[in-house]
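Structural overview for review
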Amino acid sequence: MSLRLSARYLGASALNVDGEISSDSSDSEDESDLTWEDWISDSGAKRPCKSLFDDTTFTSVAEALEYDKDTHGFDFEQTCSRLSLDSYRRIRLVNWIRKEKPSPEHANALKGDEAFLSADEYLKPTLEDDPLLEVPSEDSSDEEEIEVWPQSPLDLAAAKRQIKRLKQQLQRTKQDMIEYRAFVSERLNFTSVAESLKEPVPSSSIHVAAPLRDDDSHYFQSYGENDIHAVMIQDKVRTATYAQFIMTTPELFRDAVVLDVGCGTGILSLFAARAGAKRVFAVDASDIAEKAMQIVKANDLENVITVIRGKIEEVTLPDDVTHVDVIVSEWMGYGLLYESMLDSVLHARDRFLNPDGGVLAPSQCKMMFGLCEAAEIFKERVGFWSDVYGFDLAAMAADVYNEAIVDVVDSMASEPVVVKDLYLKTIAPKQLDFSSSFTLVSTTERKTNIHAFVLYFDTFFTASGEPIPEDSQVHFVKEGDPILAEVWQVGGKPHISRRMSSGGPLKKPKPKTTSFSTGPLSVPTHWKQTLFLLRDPIIVHEGTIVQGTFICKKSDDNSRELDVEIHYTVKYEGEEPSEAIVQVFKVR
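In this text, all values refer to a predicted model and were calculated from it rather than measured experimentally.

Some thoughts on the overall build of the chain
Along the chain, the regular secondary structure elements total 16 helices and 17 strands. When burial is assessed residue by residue, the chain has 47% of its 588 residues classed as buried. In the chain, once contacts between residues fewer than 6 apart in sequence are set aside, the share between residues at least 24 apart is 75%.

Here we look at the pairing of strand β15 (residues 545-554)
Along β15, the buried face is formed by Val-546, Gly-548, Phe-550, Cys-552 and Lys-554; none of Ile-545, Gln-547, Thr-549, Ile-551 and Lys-553, which line the opposite face, is buried. Two elements, strand β11 (residues 434-441) and β15, share eight bridges in a ladder whose sense is antiparallel. Its bridge partner being in β15, Ser-436 is matched across the sheet by Phe-550. For β15 and strand β16 (residues 562-571), the ladder comprises 10 bridges, and the chain directions are antiparallel. Bridging across to β16, Thr-549 finds its partner in His-567.

Looking at the packing of helix α11 (residues 236-247) against helix α13 (residues 267-274)
At a minimum axis separation of 9 Å, α11 and α13 run at an interaxial angle of 25 degrees. Relative to α13, the element α11 is oriented roughly parallel. Taken as a pair, α11 and α13 cross one another with a handedness that is right-handed. Here Thr-239, Tyr-242, Ala-243, Ile-246 and Met-247 of α11 come into contact with α13, specifically with Leu-268, Phe-271, Ala-272 and Arg-274. Counted by class, the contact of α11 with α13 contains seven nonpolar, one polar and one charged residues.

With respect to helix α14 (residues 288-298)
By the burial criterion, the buried members of α14 are Ile-288, Ala-289, Ala-292 and Val-296. Seen end-on, α14 carries its buried residues on one side only, within an arc spanning 95 degrees. Of the exposed residues in α14, those oriented more than 90 degrees away from the buried face are Gln-294, Lys-297 and Ala-298. Looking at the packing, one finds that the buried side of α14 touches α10 (226-233), β4 (279-284) and β5 (305-309). Looking one or two residues beyond α14, the residue adopting positive phi is Asp-300, at roughly 55 degrees.

Quick notes on the sheet that holds strand β6 (residues 326-328)
A sheet is described by the order of its strands in space; here five strands give the open sequence β5-β4-β3-β6-β7, paired in parallel fashion. The two strands at the open ends of the sheet, each matched to only one other strand, are β5 and β7 (359-361). Ignoring strand direction, the axes of neighbouring strands in this sheet form an average angle of 20 degrees. Sheet analysis places strand β3 (residues 257-261) next to β6, joined by three bridges and oriented parallel.

As for the pairing of strand β17 (residues 581-587)
Of all the seven residues making up β17, seven are buried; the element is thus mostly covered by neighbouring parts of the structure. The side-chain alternation of β17 yields two buried faces, one formed by Ile-581, Gln-583, Phe-585 and Val-587 and the other by Val-582, Val-584 and Lys-586. Bridging between β16 and β17 involves seven bridges; their strand directions are antiparallel. Bridging across to β17, Asp-563 finds its partner in Lys-586.

Here we look at unusual backbone geometry
In this structure, Pro-362 follows Ala-361 across a cis peptide bond, with omega equal to 5 degrees. With respect to the helices and strands, Pro-362 occurs in the loop between β7 and β8 (364-372). Positioned with a positive phi, Asp-319 is a non-glycine residue whose angle comes to about 60 degrees.

A short note on the environment of Ile-566
By the element assignment, Ile-566 lies in strand β16. Expressed as a C-alpha distance, the spacing of Ile-566 and Phe-532, which sit 34 residues apart in the sequence, is 9.0 Å. Ignoring any residue separated from it by four or fewer positions in sequence, one finds Ile-566 in contact with Phe-369, Phe-438, Phe-453, Phe-532, Thr-549, Phe-550, Ile-581, Val-582, Gln-583 and Phe-585.

Here's the deal with the sheet that holds β15
Strand pairing within a sheet occurs via backbone hydrogen bonds; the two strands may be parallel or antiparallel. Strand order in this open sheet of four strands is β11-β15-β16-β17, and the pairing throughout is antiparallel. For this open sheet the edge positions go to β11 and β17, each flanked by a neighbour on one side alone. For this sheet the average axis-to-axis angle between neighbouring strands, irrespective of direction, equals 20 degrees.

Structural notes on the packing of aromatic side chains
In total, this model carries 19 aromatic pairs according to the counting rule given. Ring geometry for Phe-434 versus Phe-550: centroids 6.1 Å apart, planes at 35 degrees, classification tilted. Taken together, the residues Phe-434 in strand β11 and Phe-550 in strand β15 connect sequence positions 116 residues apart. The pair formed by Phe-434 and Phe-550 is uniform in burial state, with each residue classed as buried. Between the aromatic rings of Phe-516 and Trp-527, the centroid separation amounts to 5.8 Å while the plane-to-plane angle is 15 degrees, which identifies the pairing as stacked. Taken together, the positions of Phe-516 in strand β13 (residues 513-517) and Trp-527 in the loop between β13 and β14 (529-540) put the pair 11 residues apart, joining distant regions of the chain. Through successive ring pairs, a cluster of aromatic residues spans Phe-369, Phe-434, Phe-438, Phe-453, Phe-532, Phe-550, Tyr-568 and Phe-585.

Structural notes on the pattern of salt bridges
Taken as a whole and judged by the stated rule, the model has 19 salt bridges. Between Arg-98 and Asp-130 there is a salt bridge, with its nearest N and O atoms 2.6 Å apart. With Arg-98 in helix α5 (residues 87-100) and Asp-130 in the loop between α6 (104-108) and α7 (156-188), this pair connects stretches of sequence that are 32 residues apart. Considered together, Arg-98 and Asp-130 belong to a single accessibility category, that of buried residues. Taking the shortest distance from any N to any O, the salt bridge between Glu-121 and Arg-309 comes out at 3.7 Å. Taken together, the residues Glu-121 in the loop between α6 and α7 and Arg-309 in strand β5 connect sequence positions 188 residues apart.

With respect to the nonpolar core
Core analysis: the biggest nonpolar cluster contains 94 residues, and Leu-259, Phe-453, Phe-532 and Phe-550 have the highest contact counts within it. Of all hydrophobic cores here, the second largest spans 26 residues; its members include Leu-65, Phe-74, Leu-83 and Leu-132.

Describing the side chain of Arg-279
Positionally, Arg-279 belongs in strand β4. Residues in contact with Arg-279, not counting those within four places in the same chain, are Ala-256, Val-257, Val-258, Val-304, Thr-306, Pro-318 and Asp-319.

Describing the confidence of the model for the chain
Residues with a pLDDT of 70 or more make up 75% of the chain, whose mean pLDDT is 81. pLDDT under 50 marks residues 5-44. Its contacts with residues more than four places away, or in other chains, come to 55 contacts. Long-range and interchain partners of residues 189-213, a stretch whose pLDDT sits below 50, account for 52 contacts in this model, where long-range means more than four residues apart.

Criteria and thresholds
Residues numbered from 1 in each chain as written. Predicted model: local features only at pLDDT ≥ 70, side-chain atom pairs only at ≥ 80, totals over all residues. Heavy atoms only, no water. Helix = DSSP H or I, 4+ residues; strand = E, 2+ residues; numbered from the N terminus. Buried < 20%, exposed > 50% of the residue type's maximum accessible area, 1.4 Å probe, protein only. Contact = heavy atoms within 4.5 Å. Pairing = 2+ DSSP bridges. Axes fitted to C-alpha atoms, helices over the stretch in contact; angles between N-to-C directions. Parallel < 35°, antiparallel > 145°, perpendicular 65-115°, else oblique. Left-handed = near helix turned anticlockwise from the far one by under 90°. Nonpolar A, V, L, I, M, F, W, Y, C, P; charged D, E, K, R; others polar. Arc of directions from axis to C-beta. Phe/Tyr/Trp six-rings, centres within 6.5 Å; stacked < 30°, edge-to-face > 60°. Salt bridge = Lys/Arg side-chain N within 4 Å of Asp/Glu carboxyl O. Core = buried A, V, L, I, M, F, W, Y, C linked by side-chain atoms within 4.5 Å. pLDDT = per-residue confidence, 0-100.

Set out below in structure tokens:
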């Protein structure tokens, strides 16, 4: 059976949610006499407020802030102005002071680049129903600033206009509070946040917009768990190749300033420090950053490695560092681009990498694509359900054709082809959505059922950061490969290259390239391979040509997932190509 799907399948429009504010007659009478002063009397400015530095409580925010200014020498508003804090950073500052209890001197010494000002954990209120979180800055000057009329309206028409404007101000303020509550709840997924901010909202005057979709929370939370880091570090192909490159390239790392994006446990930062780096900034937005700090301290590398918790898009580097010499990152996901972490690395490249000679490690990746028999995978995922204790449960296998399978295969039925070559120094984020034509030629010696296309990636490191030579071959790690022995020398000393023979004319050596593959010819990695199971297996023999287009884009539903669309035809020797077949997959 041939499956035909329009390319529009992937671009199906999402549900449109109306987030506009509208009025309703049911509450117009209740609010017709409500003025701005009525609203503000119930908001943060006129509720009991606790001092930031002791347990003294006052009848209003203004009194509490004045007390902190006179008694503790801390001017909250002046500090927010000096640090140019927006609303969210003001909230983080309040919650940080209440949670961490710094001295007033410490608070006065803040520079504005502290990690907590970007950390989502400080969006959660430390003090329940804290009125300081609801009061806008004194110097707010945007177009929605509260208007003040110094005198009463002169006539009925002017009074009505004033009432109308006040009601609009009120509606905007209510909506701001609703949006903030939705932002915190969605961003942090803390039930307690919703409870601590809960307050009655008139039900008929406001249509609440759906909260902004957050594709990051689950992603970062998952990397806060120990197990995932154990799996990655125990992947010898991955970890040993990074170690080999870093430890055997002293000309790049010695006395260098290094940025580790998505540092996890900090293992790459530790390698960089051991290789002679002068400074290493290890950045991660998940809870694992706390463990990384402990690991750095346990290894007495606090004078070299600085762990920064936060998103690379939001952090600033300390000590006025604006550029780094090297960016290291293990950003690759299933099929290379799953999880979309490469976008963050490219952001770091554009913000921090020294434009004059800066190097990314890895420097280049290639997405490889081919035919795969995948008979065992088909049997496990599809065939199994056809006969379960004599019953037909084949309906259970229906969805397997809609999602990519991450599993290990040990052979291919064609030579792989490159569907995307990513040179990290120049590639732009928009180029990560792509379409690529392919031609695959079957190498099977007998008639074979092809159950899947297979996708994997090869990764390359160069000390210069330049593109690898066209004839470069990736290194396939085999069982017993001595890659680890080349790195772990006594005392952790860097690898020393052997001197070239002087017995003949010197040739210009090829640039040193370190690489690894996640394909079937290498020892399996934690990435395994990504398989696209075919609804209708392709029957091939040696020389059969499968030709088509591979389309890959970020999912419309979740930017960290991928939508893949494969168009293909099959051509046998002496025959015309078959009708085109299209199959669509999710990678998640």
